[in-house]
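This is what each chain is made of:
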Amino acid sequence: MRKIILTAFFVLLLAVPARSAEDPAMPFGQGERLYYDIYWTVIHAGRAELLCMEDTEMDGRPARYFFAKARTLGWVDNFYKVRDTMEAWTDMDVNYALRYKKDQNEGSYHKKVELIFDKKTNRSYRYARGKLQHTLDQPENVFDPMSILFAFRKHSLYKGMEFDANVSDGKVSVVGKAYVEDRERVETGIGDVDAYRVRLDIKHLSGVFKKSKDAELYVWFSADERRIPVRVKSKVAVGYFSMTLREYYPPARS
């Protein structure tokens, strides 16, 4: 169950490159809130939320701040409790990551990870349980597993589109790839949504899908200027999981 909840939480936070935040079509901003239901086959296993927090500072520079959390519910919570949180900070244009934090609390498993990106040297420093574990040379512009989602949402989508971007968890740095396959209607908690179905290349996610050689991963993004991730679905070794948007609140506009 731990891998199912973590997979659902992780794959929501995948995607691609960036464009200037001066683009008037920037689809997100501080105050945006997204809430999801997580299902394993037909079992309502948990809930997740994704928030665009108030802009802040990182090392004296203006920064964007994103926050997400996931938890199990009901009878699932009774035998395998999950309380996971993720935080990410980027430059204001969301062109590269500055910092990333993950706090996993899943059953008896507990782990805290912090990832610092040094833009001056293009190196990252990964801390686990407060100790430096990995240093890694990075491309000039690289994203963490959370901020990559917001970078992707800055791009207008169309059927047949292909894209890639650098993404790193501090242990490895890879080029994530995605493909816009089709446009279709998706049933969500905010009504039926016209959305683009995006297939993600998951060959680098062996830690999650190591028992599922034929694993498939799809994310649906609303086919409007908001490009909201409204659904996630994946086939895994023990069936499939899905995440569906339950509630959406737009950013506060000045």
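Residues numbered from 1 in each chain as written. Predicted model: local features only at pLDDT ≥ 70, side-chain atom pairs only at ≥ 80, totals over all residues. Heavy atoms only, no water.

Identification of the chain as DUF3108 domain-containing protein from Pseudodesulfovibrio karagichevae is taken from an unreviewed UniProt entry.

Tallied over the entire structure, the rule returns 16 salt bridges. A salt bridge links Asp77 to Arg83, with the nearest nitrogen and oxygen atoms 2.9 Å apart. Note that Asp194 is salt-bridged to Arg183, the shortest N-O span being 2.6 Å. Residue Asp194 is located in strand β12 (residues 191-200), and its partner Arg183 is located in strand β11 (residues 173-188); the two are separated by eleven residues in the primary sequence. We classify Asp194 as partly exposed; its relative accessible area is 24%. The class of Arg183 is partly exposed, set by a relative accessible area of 42%. Taken together, the shared-partner salt bridges in this structure form one network comprising Asp37, Arg47, Arg246 and Glu247. (Salt bridge = Lys/Arg side-chain N within 4 Å of Asp/Glu carboxyl O. Helix = DSSP H or I, 4+ residues; strand = E, 2+ residues; numbered from the N terminus. Buried < 20%, exposed > 50% of the residue type's maximum accessible area, 1.4 Å probe, protein only.)

The next point concerns the confidence of the model for the chain. Of all residues in the chain, 82% have pLDDT values of 70 or greater, and the mean over the chain is 84. Between residues 14-24, whose pLDDT stays under 50, and residues either more than four places distant or in other chains, the model counts 41 contacts. Confidence drops under a pLDDT of 50 for residues 205-211, and excluding neighbours within four residues, the segment shows 13 contacts in the predicted structure. (pLDDT = per-residue confidence, 0-100. Contact = heavy atoms within 4.5 Å.)

This paragraph deals with the packing of aromatic side chains. Considering all chains together, one arrives at nine aromatic pairs under this definition. Look at Trp75 and Phe79: their rings are 5.4 Å apart centre to centre, the planes differ by 20 degrees, and that puts the pair in the stacked class. Residue Trp75 and its partner Phe79 are both found in helix α2 (residues 74-79); the two are separated by four residues, about one turn of the helix. The partly exposed category is assigned to Phe79, whose relative accessible area is 48%. Judged by centre distance (6.2 Å) and plane angle (45 degrees), the ring pair of Tyr218 and Trp220 falls under tilted. Neither Tyr218 nor Trp220 differs from the other in exposure class; each is buried. Over the aromatic face of Trp89 sits the side chain of Arg99, whose NZ or CZ is 5.0 Å from the ring centroid. The ring of Tyr96 carries the charged tip of Lys119 above its face, separated from the ring centre by 4.1 Å. (Phe/Tyr/Trp six-rings, centres within 6.5 Å; stacked < 30°, edge-to-face > 60°. Lys NZ or Arg CZ within 6 Å of the ring centre and 35° of its normal.)

Right, let's get into the pairing of strand β6 (residues 97-106). In this sheet, β6 lies alongside strand β5 (residues 83-90) in antiparallel orientation, the contact comprising six bridges. Within β6, the residue paired with Thr90 across the bridge is Ala97. Counting the residues between successive antiparallel strands, the hairpin from β5 to β6 contains six residues, one of them, Val94, with a positive phi of roughly 55 degrees. Pairing of β6 with strand β7 (residues 109-118), which is carried by eight bridges, proceeds in the antiparallel orientation. Directly across from Lys102, in β7, lies its bridge partner Val113. Here β6 folds back onto β7, and the loop between the two strands holds two residues, one of which, Gly107, carries a positive phi near 60 degrees. (Pairing = 2+ DSSP bridges.)

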